[in-house]
Amino acid sequence: MNKRVSNRVAAIQMVSGHDIDANLREAEQLLARAAEQGASVAVLPENFAVLATSQMIDRGRQEAGSEPVIRTFLAEQARKLGLWIVGGSMPVAKRPDGSDLEDRVRATCIVFDDQGKEVARYDKIHLFDAMVEDAHGQYRESDTFEPGEQIVTVDTPAGKLGLAICYDLRFPELFRLLREQDVDWICLPSAFTWQTGDAHWYPLIRARAIENQVWLVAPGQGGQNSERRRTYGHSLICDPWGRIVTEMGEGPGLVTAELDADQVANLRARMPVWEHRRLKG
């Protein structure tokens, strides 16, 4: 497929279950729709292929080995569609330096260019250990995942991208560090619980966009993923002024928007809050 030159980005929403093959089939259909709608970059949600905690370790070892299933799938889709793909998150039982993890995995977001090449990797830094008043009750990502430690940015057809995942949203210092790298947009593949999403999804996303004068692309899991787990959805794209330019409710689908780099530059010139900071570090 011909190289797609566009600053249109797609935020893909899924309702992933415990059947990994079914998850990948749904992702394939939605990625194709993103390409058909003219997106140059598509962002998948957190845990788009592997949702069940019980599957994370084994799948993470597979993805770290010589025959990865999810990474191969994403590379093939990127090449076939001529599409940059931000791979949500997947378990990988290997650190970026190549060292193996024995009893845990990293929650890893890999970016593929339109030739299917892996061009960036971000490992989720902040892990969700919390009590939530839902059927699941307690979430302890640190039992399964090792936190990452590296800030990651990558140049894409839609501008310079900063990478974050889900619970990272609650830690503004990460977004400030990404802004210091002069990113145009930040993506946030997510699987917010329904309760936390209903309370905090919109205000936190708008705040991070406004504070840092960046586009924010937030695809999520959105629906009844299992008997005990319901995710919030409401995948959206927010502009640097904090306006939500497109969003959806629950269920699988996608939204797209043109990420206007001039809007970022003009806003930063008119309101140079970065230069006005008095407390740094």
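Above this text you will find the structure in question.
Note that the structure is predicted; figures quoted are calculated from it, not measured.

Participant: I'd love a proper account of the overall build of the protein, names of residues and values included.
Facilitator: Looking only at helices and strands, one finds 7 helices and 17 strands in the protein. Along the first, second and third principal axes, the C-alpha atoms of the protein reach 50 × 45 × 40 Å. In the protein, which comprises 281 residues, the proportion classed as buried is 57%. Surface summary for the protein: the accessible area is close to 12000 Å², and the carbon and sulfur share equals 46%. Distance between charge centroids for the protein: 4 Å, based on 33 positive and 41 negative side chains.

Participant: So, the pattern of salt bridges: which residues are in play, and what are the values?
Facilitator: All told, the structure shown has 18 salt bridges when counted by the stated rule. With its nearest N and O atoms 2.8 Å apart, the salt bridge here joins Arg106 to Asp123. Taken together, the residues Arg106 in strand β5 (residues 106-112) and Asp123 in strand β6 (residues 118-123) connect sequence positions 17 residues apart. For the pair formed by Arg106 and Asp123, the shared burial category is buried. Here Glu149 ties to Arg106 by a salt bridge, and the two come within 3.4 Å at their closest N and O atoms. Note that Glu149 is positioned in the loop between β8 (138-140) and β9 (153-156) and Arg106 in strand β5, a separation of 43 residues in sequence. The class for Glu149 is exposed, based on a relative accessible area of 52%. Overall, Arg106 belongs to the buried group, its relative accessible area being 2%.

Participant: Any details on the packing of aromatic side chains? Residues and values, ideally.
Facilitator: Evaluation of the coordinates by the stated rule reveals 4 aromatic pairs. Linked through ring pairs, Phe128, Tyr167 and Phe171 together constitute an aromatic cluster. Seen from the ring of Trp274, Arg179 lies directly overhead, with NZ or CZ sitting 4.6 Å from the centre. Between Arg277 and the ring centre of Trp274, over which it is positioned, the NZ or CZ distance is 4.0 Å.

Participant: Lay out the nonpolar core in plain terms, naming residues and giving numbers.
Facilitator: Note on soluble globular proteins: their nonpolar side chains tend to be buried together. The biggest cluster of nonpolar side chains holds 47 residues, and the ones touching the most others in it are Val86, Leu163 and Trp185. Apart from the residues within four sequence positions on either side, Val86 is in contact with Val41, Ala42, Val43, Leu44, Cys109, Ile110, Val111, Leu161, Leu163 and Cys187. Ranked by size, the runner-up nonpolar core spans 36 residues in total, among them Ala10, Val50, Ala64 and Phe73.

What counts, and at which threshold
- Residues numbered from 1 in each chain as written.
- Predicted model: local features only at pLDDT ≥ 70, side-chain atom pairs only at ≥ 80, totals over all residues.
- Heavy atoms only, no water.
- Helix = DSSP H or I, 4+ residues; strand = E, 2+ residues; numbered from the N terminus.
- Buried < 20%, exposed > 50% of the residue type's maximum accessible area, 1.4 Å probe, protein only.
- Areas by Shrake-Rupley, 256 points an atom, 1.4 Å probe, with all protein chains shown as cover.
- Lys, Arg positive; Asp, Glu negative; His and termini not counted.
- Charge placed at Lys NZ, Arg CZ, Asp CG, Glu CD.
- Salt bridge = Lys/Arg side-chain N within 4 Å of Asp/Glu carboxyl O.
- Phe/Tyr/Trp six-rings, centres within 6.5 Å; stacked < 30°, edge-to-face > 60°.
- Lys NZ or Arg CZ within 6 Å of the ring centre and 35° of its normal.
- Core = buried A, V, L, I, M, F, W, Y, C linked by side-chain atoms within 4.5 Å.
- Contact = heavy atoms within 4.5 Å.

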